[in-house]
Amino acid sequence: MTDPIIDLQNIRREFAAGDTSVVALDDLSLSIQPGEMVAIIGSSGSGKSTLLNILGCLDRPTSGTYRVAGKNVSELDADALAALRREHFGFIFQRYNLLGDLTAAANVEIPAVYAGLNARERRTRANALLERLGVGTRGGHRPNQLSGGQQQRVSIARALINGAEVILADEPTGALDRRSGEEVLKILKELHREGRTIIIVTHDADVAARAERIIELRDGRIVSDRHTGTAGASEPVARTAWDSGAGWTGALGRLREASRMALVAMAAHRLRAFLTMLGIIIGIAAVSSVVALGNASQRKVLSDISSLGTNTIEVFPGKDFGDARAGKIKTLVLDDARALDRQGFIAGVTPTVSTSTTVRYRGNESNVLVNGVGENYFLVKGAKLAKGRLFDADAVRNIERQAVIDDNTRKTFFADDQTSGIGRVIWLGKVPCRIVGVIAQQQGGFGSNQNLSVYLPYTTVQAQFTGDRALRSILLRISDEIWRRTR
Ligand code: ADP
Ligand code: MG
């Protein structure tokens, strides 16, 4: 026997549920050798997904020790954890979690975009994987033009692109018809034969029968752990030919994003699906994406990570990515922001509303974007104060007409003014507002840098300009402290 790649000792995972708590995993110990193919079975609620999330470092245990390839996960800082995840894991989910906006090939490429691999190399790798998984001709299709089975193959390709040595699959065939499910299992089996460690969560006994080892959970405990007659893997190998390449891993090493995948220590049931997907997207996606917030079909998340900064996510209402009607949908409300704010992994949340109007000061006039935001906005956006101060929670609560202006507005109206505008009263449409602060020009912001922006408490914008309580978006910043925080 070699050393286990996965070693859990006395793992307990409790979730707070009101005044009490739910014990999802109860004193669970388990070792898995490299190259094993393991099925985790059990009825709904038995703790399978919780276990898988802990195995993949998407969540962490309340107590107990988890070692991956001998390393104690709880002792790792965020970067080391990122390295660990990167070197070891690939995820496959029941609902493929592909980004509907991108082609299949682009979906597979996303981790490589993050890794800073050049476009040609990315494409080569993605195409090779798609080819190998039998969807080589589908690279240019969007997910909704593919069958479920094809989408799952694409998601497997994405899981493999950074050379996952351990594949964690949560009900990978759960959404597929029999035949497509069969094909996905064949692929997993093949990956197993190459020496990868495969861990499949399933409630389907037929699926489980393909594994060489079946672990059954009941109420968060292992009630049986048996080896089947199924032939084992060949010699464990960490990498297969197509994903060799030191530069590749090295590039990923610079990523801090992977550590942010660890954010999924979720509490609110309502947001669970969202958070799970968020974890995936933060971890491996870069560009842009839309995911559903739980079952609330009207809510979608737009994560425009590349333009907002890699740890900032903006949640918009609407049905789909780039939903043209999103601006007219009034479903996003303050309670949603509050619900998000309660999530432990979030460093800051701010509602946003906006309107455009004219800004006047003495004889000058210009168009301006009026951004209604919470006091945390500046933290969330990483905006730096150049002069004066920001408005605080009291100003938001009291619907005060305090304005923070951007540098363009300062230059336009106060270029020759010693005060930079601080203390001056500007007119936004018909509303006089006092300037309290100026924020510095942000690097890498999106949109034209010629536009003038003014920031007011969102309550003020709602009361004085938009006249309703709907939010344009909720902006949130992910904490990178999650692994250091004790829950
Ligand atoms: P399975 O995947 O086997 O259906 P889960 O691991 O999802 O089971 O859930 C195990 C138990 O833990 C269930 O009682 C579930 O309600 C609870 N649970 C799982 N995740 C959370 C969470 N984030 N918050 C509260 N309870 C949770
Ligand atoms: Mg589950």
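In every chain, residue numbers begin from 1 and rise along the written sequence. Working convention: letters from A go to chains and numbers from 1 go to ligands, in the order in which they are written. Note on the predicted model: pLDDT of at least 70 is required for a residue's local features to be given, and 80 or more for side-chain atom pairs to be given and counted; whole-chain, interface and lining totals, by contrast, use all residues. Only hydrogens and water are set aside when side-chain values are computed; all heavy atoms of the structure are taken into account.

**So, the overall build of the protein chain**
Elements are defined by DSSP. Helices are runs of H or I of four residues or more, strands are runs of E of two residues or more, and each kind is numbered from the N terminus. Secondary structure summary: the protein chain contains 16 helices and 21 strands in total. For the protein chain, with 487 residues in total, the buried portion stands at 54%. The contacts of the protein chain with a sequence gap of at least 6 include a subset with a gap of at least 24, amounting to 70%. Here the accessible surface of atoms and residues is derived via Shrake-Rupley with a 1.4 Å probe, and residues count as covered only by protein chains that are part of the display. Accessible surface, the protein chain as shown: approximately 20,900 Å² in total, 47% of it carbon and sulfur. Note on exposure labels: buried denotes an accessible area under 20% of the residue type's maximum, exposed denotes more than 50%, and partly exposed covers the range between, all computed with a 1.4 Å probe on protein chains only. It only takes one pair of heavy atoms within 4.5 Å for two residues to be counted as in contact.

**Let's talk about the packing of helix H5 (residues 148–160) against helix H6 (residues 178–193)**
To get an axis, a line is fitted to the C-alpha atoms, and for a helix only the part in contact is used. The angle between two axes follows their N-to-C directions and goes from 0 to 180 degrees. The interhelical angle for the contact between H5 and H6, taken along N-to-C directions, is 20°, at an axis separation of 9 Å. It follows that H5 is roughly parallel to H6 by the angle criterion. Crossing angle aside, the handedness with which H5 passes H6 is right-handed. Packed against H5, whose contacting residues are Gly149, Gln152, Arg153, Ile156 and Leu160, the element H6 presents Ser180, Glu183, Val184, Ile187 and Leu191 at the interface. Its residues assigned to classes, the contact of H5 with H6 comprises 5 nonpolar, 3 polar and 2 charged. For classification, angles of less than 35 degrees are called roughly parallel, those exceeding 145 degrees roughly antiparallel, those between 65 and 115 degrees roughly perpendicular, and all remaining angles oblique. In this scheme the crossing of two helices becomes right-handed for a clockwise turn of the near helix relative to the far one and left-handed for an anticlockwise turn of less than a right angle. Put simply, Ala, Val, Leu, Ile, Met, Phe, Trp, Tyr, Cys and Pro go in the nonpolar bin, Asp, Glu, Lys and Arg in the charged bin, and everything else, Gly too, in the polar bin.

**Some remarks on the environment of glycine 139**
Within the secondary structure layout, glycine 139 lies in the loop between helix H4 (119–132) and H5. Sequence separation of glycine 139 and alanine 106 is 33 residues, and the distance between their C-alpha atoms is 7.9 Å. Dropping the residues within four chain positions of it, glycine 139 is found in contact with Thr103, Ala104, Ala105 and Leu130.

**Here's the deal with the packing of aromatic side chains**
Stacked, tilted and edge-to-face are the three classes applied to pairs of Phe, Tyr and Trp rings, where Trp contributes its six-membered ring and a pair requires centres within 6.5 Å; stacked means planes under 30 degrees apart, edge-to-face means over 60, and tilted covers the rest. For the coordinates displayed, the defined rule picks out 7 aromatic pairs. Ring centres 4.6 Å apart and planes at 55° place the aromatic pair tyrosine 361 and phenylalanine 414 in the tilted group. Pair noted here: tyrosine 361 is in strand S14 (residues 346–361) and phenylalanine 414 is in helix H15 (residues 407–414), with a separation of 53 residues, a long-range link. Residue tyrosine 361 is classed as buried on the basis of its relative accessible area, which comes to 8%. Consider the rings of tyrosine 377 and tyrosine 455, whose centres lie 5.3 Å apart with planes at 35°: the pair is tilted. With tyrosine 377 in helix H13 (residues 377–381) and tyrosine 455 in strand S20 (residues 453–457), this pair connects stretches of sequence that are 78 residues apart.

**Here's the deal with the sheet that holds strand S9 (residues 213–218)**
The criterion for strand pairing is that DSSP finds at least two bridges linking the strands in question. Within the open sheet, the 6 strands sit side by side as S6-S7-S8-S3-S9-S10. Their pairing is mixed. Across the chains shown, the open sheet's two edge strands, defined by having one partner strand only, are strand S6 (89–93) and strand S10 (221–227). Neighbour-to-neighbour, the strand axes of this sheet turn through a mean angle of 15°, independent of strand direction. Strand direction decides the pairing type here: S9 and S10, joined by 6 bridges, are antiparallel. Paired with arginine 213 across the bridge in S10 is histidine 227. Set on the sheet, H5 makes contact with S6 and strand S7 (166–170); between it and S6 the angle comes to about 165°. Sheet strands in contact with H6 are strand S3 (37–41), S6, S7 and strand S8 (197–201), and its direction is about 150° off that of S8.

**Quick word on the confidence of the model for the protein chain**
Overall, the predicted model of the protein chain reaches an average pLDDT of 75, with 68% of residues at or above 70. Here helix H11 (residues 305–308) stands out as the element of the protein chain with the lowest mean pLDDT, 25, in contrast to strand S17 (residues 402–405), whose mean of 98 is the highest. A residue's pLDDT is simply how confident the predictor is in it, with values from 0 to 100. Below a pLDDT of 50 lies the segment residues 232–310, which in the model reaches 215 contacts outside its immediate sequence neighbourhood of four places, other chains included. Throughout residues 318–329 the model reports pLDDT below 50, and contacts reaching past four residues in sequence, or to other chains, amount to 22 contacts.

**Side note on the pairing of S7**
For S7, the tally of buried residues reaches 5 of 5 residues, placing the bulk of the element in the interior. Bridge count between S6 and S7: 5 bridges; the pairing is parallel. What sits directly across from glycine 90, in S7, is isoleucine 167. Inspection of the sheet shows S7 paired to S8 by 5 bridges, in the parallel sense. Looking at S8, one finds that alanine 169 is bridged to isoleucine 200. Crossover S7 to S8 through H6 is right-handed. With strands facing away from the observer, any crossover in which the path from the first strand over the helix to the second runs clockwise is taken as right-handed.

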